[in-house]
Amino acid sequence: SFHDFGFDLGGPLLKDRVWVWGAIGRVHSDLLALDGSPDDSELGTRGIKAEALWHPSVRVNGAYYYNEKLENGRDAGPARPRETTWQQSGPSRYFKGEGNFTMRNLFASLRGAYVDAGFVLLPTVPFRDYYIDGGGVAHNSYYQHQTHRPQHYFGGDGSYFHGVHEVRFGGGWRSTTADTQREWPASQLVASWTGYPNM
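Residues numbered from 1 in each chain as written. Predicted model: local features only at pLDDT ≥ 70, side-chain atom pairs only at ≥ 80, totals over all residues. Heavy atoms only, no water.

**What to know about the overall build of the protein chain**
Rules: Numbering goes from the N terminus for both helices and strands, where a helix is a DSSP run of H or I of at least four residues and a strand is a run of E of at least two. We compute the radius of gyration from the C-alpha atoms alone; for a globule the expected value is 2.2 Å times N to the 0.38, where N is the number of residues. Note on classification: 1.4 Å probe, protein chains only; a residue is buried when its accessible area is under 20% of the maximum for its type, exposed when over 50%, partly exposed between these limits. Per-residue accessibility takes into account occlusion by the displayed protein chains alone, with areas from the Shrake-Rupley method and a 1.4 Å probe.
Assigned secondary structure in the protein chain consists of zero helices and 12 strands. Order of helices (α) and strands (β) in the protein chain, N terminus to C terminus: β-β-β-β-β-β-β-β-β-β-β-β. In terms of overall dimensions, the protein chain is more spread out than a globule: its C-alpha atoms have a radius of gyration of 25 Å, far above the 16 Å expected for 199 residues. Expressed as lengths along the three principal axes of its C-alpha atoms, the size of the protein chain is roughly 85 × 35 × 25 Å. Across the 199 residues of the protein chain, 27% fall into the buried class. Summing over all exposed atoms, the protein chain offers an accessible surface of approximately 13,300 Å²; the carbon and sulfur share of this is 58%.

So, in structure tokens, the structure goes:
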């Protein structure tokens, strides 16, 4: 089953000065893997954007966006029964601001943004030794995974006009990092001989 709901509204807040827009949405999806295990997802989003004419020569705008994915039964399948699936969660947030400036023959723009992204995969069942049986089917808890991926951006550009000539310039800086932690549930390692060359 699949359900998608949303609503948005926008328009002038102050005539010829401030404009705003906002939206919310939710998507719910229920799936069944080939072995009958459920894989259910829910996506929730909301966002808002505003723009203002601060001065005849200064225009600013900002935006905020939020998205969260909740999934119960991630990676379910014939070789991954429900006991080995994950519960996924993790909101992502996006912030952005921009200013545009006009001064005689100069037009300049400055902007910055930040993304707070990442997610967590938790085993559906408490940690128990993970193994694969002779049929290639996994059992017990799969690993736990957590990652944080922040991004920063700052930049600007401009144009200078003199007669029929234009000089354009600009620059930007971006930082993208990832911090990941993973934990495997195991107290021992067992290898079984099933015939050459398989271990």
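From this point, things continue past the structure.
**What about the pattern of salt bridges?**
Rules: We count a salt bridge whenever a side-chain nitrogen from Lys or Arg sits within 4 Å of a carboxyl oxygen from Asp or Glu.
The full count for this structure, using the stated rule, is 10 salt bridges. With its nearest N and O atoms 2.6 Å apart, the salt bridge here joins Glu42 to Arg26. Here Glu42 is found in strand S3 (residues 38-55), whereas its partner Arg26 is found in strand S2 (residues 18-32), with 16 residues between them in sequence. In the salt-bridge network here, residues are joined through shared partners; they are Lys96, Glu98, Arg111 and Asp157.

**Side note on the packing of aromatic side chains**
This is how it is decided: The aromatic pairing rule takes the rings of Phe, Tyr and Trp, using the six-membered ring of Trp, and pairs them if the centres are within 6.5 Å, calling planes under 30 degrees apart stacked, those over 60 edge-to-face and the rest tilted. The criterion is that NZ of a Lys, or CZ of an Arg, lies within 6 Å of the ring centre and within 35 degrees of the ring normal, and then a charge sits over that ring.
Using the criterion set out here, one finds 10 aromatic pairs in the structure. Ring geometry for Trp86 versus Tyr143: centroids 5.1 Å apart, planes at 55°, classification tilted. One end of the pair, Trp86, is in strand S5 (residues 86-89); the other, Tyr143, is in the loop between strand S9 (138-139) and strand S10 (144-162), with 57 residues separating them in the sequence. Here the two residues Trp86 and Tyr143 agree in accessibility, since each one is buried. On the numbers, 6.0 Å between centres and 20° between planes, the contact of Phe154 with Trp173 is stacked. Of the two residues, Phe154 is situated in strand S10 and Trp173 in strand S11 (residues 165-176); the sequence distance between them amounts to 19 residues. In textbook terms, an aromatic cluster arises when at least three aromatic residues are bridged by ring pairs, as seen for Trp86, Tyr130, Tyr142, Tyr143 and Trp184. The positively charged end of Arg46 is found above the aromatic ring belonging to Tyr66, 4.1 Å away from the centroid.

**A word on the environment of Ser37**
Let me state the cut-off plainly: Contact definition: two residues touch when any of their heavy atoms are within 4.5 Å. What qualifies as a polar contact is a pair of N or O atoms within 3.5 Å, subject to a donor-acceptor requirement within protein and to the restriction that residues adjacent in sequence count only when both atoms come from side chains.
For Ser37, the location among the structural elements is in the loop between S2 and S3. The buried category is assigned to Ser37, whose relative accessible area is 7%. For the pair formed by Ser37 and Pro78, sequence separation is 41 residues and the distance between their alpha carbons is 8.7 Å. Not counting chain neighbours up to four residues away, the residues in contact with Ser37 comprise Leu31, Leu32, Ala76, Pro81 and Arg82. Here Arg82 takes part through its backbone nitrogen, which lies 3.5 Å from a polar atom of the side chain of Ser37.

**Examining the nonpolar core**
Operational definition: Here the nonpolar core consists of buried residues drawn from Ala, Val, Leu, Ile, Met, Phe, Trp, Tyr and Cys, with membership extended through side-chain atoms lying within 4.5 Å.
Ranked by size, the top nonpolar core spans five residues in total: Trp86, Phe119, Leu121, Tyr142 and Tyr143. The residues touching Tyr143, leaving out its near neighbours within four places in the chain, are Trp86, Leu121, Pro123, Arg182, Glu183, Trp184 and Pro185.

**Brief notes about a nonpolar patch on the surface**
As a reminder, the rule being used: Nonpolar side chains (Val, Leu, Ile, Met, Phe, Trp, Tyr) are joined into patches within 5 Å and like charges within 9 Å, using only residues with over 30% relative accessible area and no salt bridge.
A cluster of nonpolar side chains, contributed by Phe7, Leu9 and Ile24, occupies part of the molecular surface with about 350 Å² of accessible area. Note that Leu9 resides in strand S1 (residues 2-14). Residue class for Leu9 comes out exposed when judged on its relative accessible area of 60%.

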